[in-house]
Amino acid sequence: MITCSAPAKIYLFGEHAVVYGEPAIACAAELRTYVTVEPASSTTVVSGGVPTRIETTPYITEALKKIRRIHPIPDVSIQITSDIPTGAGVGSSAALTVALLQALSIEFGVDIDVLQIASMAYDVELSVQGAASQTDTFISTMGGMALMPDRMFLPHLECSIVIGDTNMRGKTSTMVSKVAELKNAYPEVAEHIIKSIGILAQTGVPLLESKDYLGVGRLMNINHGLLESLGVGTFPLSQLVYRARDAGAFGAKITGAGGGGCMVALTDKPEDVIRSIECCYGKAMVVKPAREGVREE
Ligand code: PMV
């Protein structure tokens, strides 16, 4: 029996634009999904203590399919527990897929390294979602913070990350299609917005290197505005973003696909930001950056 865990991720810059090859910066966050696997007489999934039909778990079905292409995996019992809010823009599906593939590879002696785990997990996301970037699966596998798609690691954040959850959910594939539709309808306008998001990520690199979080926050605020203009914002998301800024956050924006889900703020006053978000609207938590990616427990 093997248990592996993998962390969540937040985007400081660049979601959606990264789908079109623009740079993005994402950071692993210390919320984890734990997956335990062991050989069994039939393949079963128990998630959060609840038996779950395998047909309703596309990431698990697809991960099993992909890993079985390179190694025979027998029937297996899969048990999942998770601290990560699901479908909320913080990489729950990537963490599940990465932790599952790593647990299967260790339990059944599959000859595969972590970069291959990241790449197989990306293929799983692509098959399930129809469109995906390598960001979530790479960051969840490797931990730390990196400029993507270059995979250039950046120094660890030395301020607090606050995640605010609207408790509403947008589907990644729907939001990616929504941006694609806008890009088809107004290519020149949308392409400039997407390019500008990429420029924000590039501009953020030296600021993150010099730990200028005021500057980073300013750019995050601009990135939020650009995500709004791409049509992936919602009123509750912006409410949380403005609450965080009013409480003194360096900056705050949507993280992930939008349409619901979470926002992220960088701050040196996490308690104030949490209080401000929670007093009226969503649920908020402070999370540490995760230095470690996927690991055996
Ligand atoms: O909401 P999430 O965690 O699935 O993030 C989606 C980020 C996108 O850029 C919209 C898509 C992707 O795969 O990069």
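Residues numbered from 1 in each chain as written. Predicted model: local features only at pLDDT ≥ 70, side-chain atom pairs only at ≥ 80, totals over all residues. Heavy atoms only, no water.

Looking now at the sheet that holds strand S10 (residues 262–267). Adjacent strands of a sheet form backbone hydrogen bonds with each other and so pair up, either parallel or antiparallel. Read across the open sheet, the four strands follow the order S9-S10-S8-S11; overall the sheet is antiparallel. With one partner strand each, in any of the chains shown, strand S9 (251–254) and strand S11 (283–287) form the two edges of the open sheet. The sheet shows a mean angle of 20° between the axes of neighbouring strands, direction not considered. Pairing analysis gives five bridges linking strand S8 (residues 160–165) to S11, with the strands arranged antiparallel. When the bridges of S11 are listed, Val162 appears paired with Val286. (Pairing = 2+ DSSP bridges. Helix = DSSP H or I, 4+ residues; strand = E, 2+ residues; numbered from the N terminus. Axes fitted to C-alpha atoms, helices over the stretch in contact; angles between N-to-C directions.)

So, about the domain arrangement of the chain. What the domain assignment reports for the chain is domain 1 (2–153) and domain 2 (156–287). Each partner contributes to the interface: domain 1 provides 29 residues, whereas domain 2 provides 43 residues. Between domain 1 and domain 2, roughly 2,800 Å² of surface is buried when both sides are summed, and carbon and sulfur atoms account for 73% of that area. Of all residues in domain 1, Phe13, His16 and Tyr20 give up the largest surface area on contact with domain 2, accounting jointly for 25% of the area buried on that side. Between domain 1 and domain 2 we count two salt bridges in total. Elements with a contribution of two residues or more to the side of domain 1 that touches domain 2: strand S1 (2–13), strand S2 (24–39) and strand S6 (145–148). (Domains from an automatic or database assignment. Contact = heavy atoms within 4.5 Å. Buried area = accessible area lost by both parts, 1.4 Å probe. Salt bridge = Lys/Arg side-chain N within 4 Å of Asp/Glu carboxyl O.)

A word on the pairing of S2. Where burial is concerned, most of S2 is hidden: twelve out of the 16 residues are buried. Across eleven bridges, S1 lies against S2 in antiparallel orientation. The partner of Cys4 across the bridge, within S2, is Val35. Direction of pairing for S2 relative to S6: antiparallel, over a ladder of four bridges. Pairing of Ala26 across the sheet is with Ala146, part of S6. Pairing of S2 with strand S5 (residues 76–82) involves seven bridges; the strand directions are antiparallel. Bridging from a neighbouring strand, Pro39 pairs with Val76 of S5. (Buried < 20%, exposed > 50% of the residue type's maximum accessible area, 1.4 Å probe, protein only.)

Attention now moves to the site of the ligand. Taken together, 16 residues lie around the ligand, and Lys9, His16, Ser133, Thr172 and Ala257 are the ones closest in. Within the contact set of the ligand, an oxygen atom lies 2.9 Å away from a backbone nitrogen or oxygen of Ala257. Out of a free accessible area of 380 Å², the ligand has 95% covered by protein chains. Among the secondary structure elements, those contributing two or more residues to the shell around the ligand are S1 and helix H5 (172–185). Split by domain, the shell around the ligand shows at least three residues from each of two domains, domain 1 (2–153) and domain 2 (156–287). (Near = heavy atom within 4 Å. Polar contact = N/O pair within 3.5 Å; in protein donor to acceptor, adjacent residues only side chain to side chain. Areas by Shrake-Rupley, 256 points an atom, 1.4 Å probe, with all protein chains shown as cover.)

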